[in-house]
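Coordinate inspection notes
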Amino acid sequence: KSPVEVLVEDLPTVVPKIGSRVLNALSNQAQKNLEELQEDIKAGDPLRGISRIQEQTAEIAAEAKNVFLETPEGLVGPQYRVLSRGEGYEIREYESYTVASTSMSP
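An account of the accompanying structure is given in this report. (Residues numbered from 1 in each chain as written. Predicted model: local features only at pLDDT ≥ 70, side-chain atom pairs only at ≥ 80, totals over all residues. Heavy atoms only, no water.)

1. Details of the pattern of salt bridges
A side chain of one charge can pair with a side chain of the opposite charge when the charged atoms of the two come close. Put simply, the rule is: Throughout this description, the term salt bridge denotes a Lys or Arg side-chain nitrogen within 4 Å of a carboxyl oxygen of Asp or Glu. Secondary structure elements follow DSSP: runs of H or I no shorter than four residues count as helices, runs of E no shorter than two count as strands, and numbering proceeds from the N terminus. Relative accessible area decides the class of each residue, using a 1.4 Å probe on protein chains only: under 20% of the type maximum gives buried, over 50% gives exposed, and in between gives partly exposed.
One pass over the full model with this rule turns up 3 salt bridges. Linking R81 and E93 is a salt bridge whose minimum nitrogen-to-oxygen distance equals 2.7 Å. Of the two residues, R81 sits in strand β1 (residues 80-86) while E93 sits in strand β2 (residues 89-94), which places them 12 residues apart along the sequence. According to the relative accessible area criterion, R81 is partly exposed, its value standing at 49%. Across the pair E90 and R92 runs a salt bridge whose closest N-O atoms are separated by 2.8 Å. Taking the relative accessible area as the measure of exposure, E90 reaches 30% and is therefore partly exposed.

2. Remarks on the packing of aromatic side chains
Inclusion rule: Stacked, tilted and edge-to-face are the three classes assigned to paired rings of Phe, Tyr and Trp, where Trp is represented by its six-membered ring and a pair needs centres within 6.5 Å; plane angles under 30 degrees give stacked, over 60 edge-to-face, the rest tilted. Put simply, a charge is over a ring when the Lys NZ or the Arg CZ is close to the ring centre, within 6 Å, and near the line of the ring normal, within 35 degrees.
In the structure shown here, the tally under the stated rule is 1 aromatic pair. Both rings, one in Y80 and one in Y94, keep their centres 5.3 Å apart while their planes meet at 45 degrees; by these two values the pair is tilted. Of this pair, Y80 sits in strand β1 while Y94 is found in strand β2, placing the two residues 14 residues apart along the sequence. Residue Y94 is classed as partly exposed on the basis of its relative accessible area of 40%. Here R92 stacks its cationic end above the ring of Y80, 4.1 Å away from the centre of that ring.

Remember that the coordinates give geometry; whether it matters functionally is a separate question.
And the structure:
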């Protein structure tokens, strides 16, 4: 199959996933923004509220952009050394790193 055929075939499952990711990211950011705005109002600092709204607008735009990036902005991958290169590929040696961990307490 051509890449276009694969894309067209997978489109019905990919689009809802992307939409869900965007909605979740915006929902989480909106909740955070609302909490911060409520804190500003309680503190009696309306000017801070205005500048915070501007900051939050920029954060929402950055978060929405990150949803579509292969590597989100600010994400750093593990260090590696290229051992050899071929046409269209590299053989890499990575430093050790942890992807996730948890403690198992009784």
